[in-house]
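Each chain is listed here by its residues.
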Amino acid sequence: MSFLDYFRSKRPASSAATAKERLQVIVAHERGQRNQPDYLPAMQQEILEVIRKYVPVEQDDVQVQLDENGNCSVLELNVTLPG
Amino acid sequence: MARIIVVTSGKGGVGKTTSSAAIGTGLAQRGHSTVIIDFDVGLRNLDLIMGCERRVVYDFVNVINGEATLNQALIKDKRTEGLYILPASQTRDKDALTEEGVAKVLAELKQRFDYIVCDSPAGIEKGAQMALYFADEAIVVTNPEVSSVRDSDRILGILQSKSLRAREGQDAVKEHLLLTRYNPARVSAGEMLSVADVEDILAIPLLGVIPESQDVLKASNQGEPVILNSEALAGQAYSDAVDRLLGEDRAHRFLDEEKQGFFKRLLGGRG
Ligand SMILES: Nc1ncnc2c1ncn2[C@@H]1O[C@H](COP(=O)(O)OP(=O)(O)OP(=O)(O)O)[C@@H](O)[C@H]1O
Ligand SMILES: [Mg+2]
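None of the values given here were measured: they were computed from a predicted structure. (Residues numbered from 1 in each chain as written. Chains lettered and ligands numbered in written order. Predicted model: local features only at pLDDT ≥ 70, side-chain atom pairs only at ≥ 80, totals over all residues. Heavy atoms only, no water.)

Trainee: What's the story with the overall build of chain B in this structure? I'm lost.
Mentor: Looking only at helices and strands, chain B has 13 helices and eight strands in total. Considering only C-alpha atoms, chain B reaches an extent of 65 × 40 × 35 Å along its principal axes. Taken over 271 residues, chain B has a buried fraction of 55%. Contacts spanning at least 24 positions in sequence make up 73% of the contacts within chain B whose residues lie at least 6 apart. As presented, chain B carries roughly 12,200 Å² of accessible surface, and 46% of it is formed by carbon and sulfur atoms. (Helix = DSSP H or I, 4+ residues; strand = E, 2+ residues; numbered from the N terminus. Buried < 20%, exposed > 50% of the residue type's maximum accessible area, 1.4 Å probe, protein only. Contact = heavy atoms within 4.5 Å. Areas by Shrake-Rupley, 256 points an atom, 1.4 Å probe, with all protein chains shown as cover.)

Set out below in structure tokens:
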């Protein structure tokens, strides 16, 4: 590591860089939800409750996503079960 | 054919009214007959920024309800030839603007004007949706700051799904990014999102960058759109933006820190 690198690595990421990173994540997430049907959040909630009858899972352990592929849609359900 | 341009943002206080006044004035200065409509029902402000607050008699809602004719409600700008203002109602609520009512008034304005500039209220609810519903083009006013950028993206989503053009499957509303209150010194210090950052995230064509400037407050104090002040950097930046809106090529200016004297910098002077 050179003398200059030492100073560079000590320098924290600028707050603008942090802002950009956070925005990229949240905006991508919100765009994904934008085209989803209105019933999806309610459906996600019910699916979560059904799973909870059998396994203790948290809200964000269940991800529901609807992908459109031409003339059919695929409902993708991802459940992370406690280890 | 008249063009309807909405000036919108989602987030409040980012510079929609300032921009509507400047851009509407700029279009008229270039010989295009223009009307600026205040869609902010209950929070009328365009009249103050345009300096015609004492000449308001009838408003947009009066015209929709048939209580006044369009000619009675339109205020002719005293400084710029071919420019008119249609003020918002100060006493009604947002529900006073119905889709049929707004459609009827816009149809009549389209016969008379080249450009119809719609100054949207803040938010993403009914008032903002009504302002953008009939738009051919949208100027999305954004500040280089996280909540403003996020809200701009949400308003873009609404333009793409809930505008008349989207509903009827016509060509999409033409989108423009207008970045305002830009402070190059803070950008180079890494404290503020850069133009490139915001362009990366929103991914729509850049219409202009308006620097943060004391001249904007001065202009609103006096009721004169800042574009009329050709000395002011913000005024020049708005002029460039209007030229680009009309399809001309203008290099972006005011993106970098003004060269400041060593002592001024030492004393922490900032543009
Ligand atoms: N480039 C700029 N430099 C400095 N101040 C600015 C600039 N642009 C706007 N402002 C100030 O920001 C404030 C809000 O501006 P403005 O009223 O145009 O925002 P708005 O988006 O219309 O607000 P609202 O959402 O309430 O309708 C005003 O005080 C205005 O003077
Ligand atoms: Mg406003």
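Trainee: Looking at this structure, how should I read the overall build of chain A?
Mentor: Check the secondary structure of chain A and you find three helices and two strands. Burial statistics for chain A: of 83 residues in total, 18% are counted as buried. When the accessible surface of chain A is summed, it comes to about 6,700 Å², and 53% of that surface belongs to carbon and sulfur atoms.

Trainee: What is the right way to look at the side chain of aspartate 136 of chain B in this model?
Mentor: Residues and elements named next belong to chain B. By the element assignment, aspartate 136 lies in the loop between helix H6 (126–133) and strand S6 (137–142). A relative accessible area of 9% places aspartate 136 in the buried class. Within the structure, aspartate 136 has its side chain in polar contact with the side chain of arginine 165 (distance 2.8 Å). When near neighbours in sequence (up to four residues on either side) are disregarded, aspartate 136 contacts Ala2, Arg3, Ile4, Arg165, Val173 and Lys174. (Polar contact = N/O pair within 3.5 Å; in protein donor to acceptor, adjacent residues only side chain to side chain.)

Trainee: I'm lost on the state of the cysteines in this one. Help?
Mentor: Linking two cysteines covalently via their sulfur atoms produces the bond known as a disulfide. As enumerated under the stated definition, the model contains zero disulfides over all chains in all. Note on cysteine 52 of chain B: no disulfide assigned, nearest cysteine sulfur contributed by cysteine 118 of chain B at a separation of 16 Å. (Disulfide = S-S within 2.5 Å.)

Trainee: Any chance you could explain the sheet that holds strand S4 (residues 83–86) of chain B here in plain terms?
Mentor: Strand pairs in the sheet, formed through backbone hydrogen bonds, run parallel or antiparallel to each other. Residues and elements named next belong to chain B. What the eight strands build is an open sheet, ordered S3-S4-S2-S5-S1-S6-S7-S8; its pairing is mixed. Two strands lie at the open edges of the sheet, namely strand S3 (75–76) and strand S8 (206–211), each paired on one side alone. Relative to strand S5 (residues 115–119), strand S1 (residues 3–8) is paired through five bridges, and the arrangement is parallel. Bridge pairing in S5 links valine 7 to aspartate 119. Together, S1, S6 and strand S7 (174–182) form the strand contacts of helix H7 (residues 146–162), whose direction differs from that of S6 by roughly 165°. Where helix H10 (residues 195–202) meets the sheet, its contacts fall on S6, S7 and S8, and the angle it forms with S7 comes to roughly 150°. (Pairing = 2+ DSSP bridges. Axes fitted to C-alpha atoms, helices over the stretch in contact; angles between N-to-C directions.)

Trainee: Help me out: how do you make sense of the site of ligand 1 in this one?
Mentor: Residues and elements named next belong to chain B. Lining the immediate environment of ligand 1, one finds 15 residues, of which Gly13, Lys16, Thr17, Thr18 and Arg181 sit closest. One of the side-chain N or O atoms of threonine 18 is found 2.6 Å from an oxygen atom in ligand 1. Relative to its free-state accessible area of 630 Å², ligand 1 is covered by the protein chains to the extent of 78%. (Near = heavy atom within 4 Å.)

Trainee: How should I be thinking about the packing of helix H2 (residues 15–34) of chain A against H7 of chain B in this particular structure?
Mentor: Angle between the axes and distance between the axes are the two parameters that describe a pair of packed helices. Axis separation between H2 of chain A and H7 of chain B bottoms out at 10 Å; the angle between their running directions is 25°. One element, H2 of chain A, and the other, H7 of chain B, form an angle in the roughly parallel class. You can see that H2 of chain A and H7 of chain B cross each other, and the crossing is right-handed. Together, Ala19, Leu23, Ile26, Val27, Glu30, Arg31 and Arg34 of chain A of H2 of chain A and Val146, Val149, Arg150, Asp153, Arg154, Gly157 and Gln160 of chain B of H7 of chain B make up the contact between the two elements. Of the residues that constitute the contact of H2 of chain A with H7 of chain B, the class distribution is six nonpolar, two polar and six charged. (Parallel < 35°, antiparallel > 145°, perpendicular 65-115°, else oblique. Left-handed = near helix turned anticlockwise from the far one by under 90°. Nonpolar A, V, L, I, M, F, W, Y, C, P; charged D, E, K, R; others polar.)

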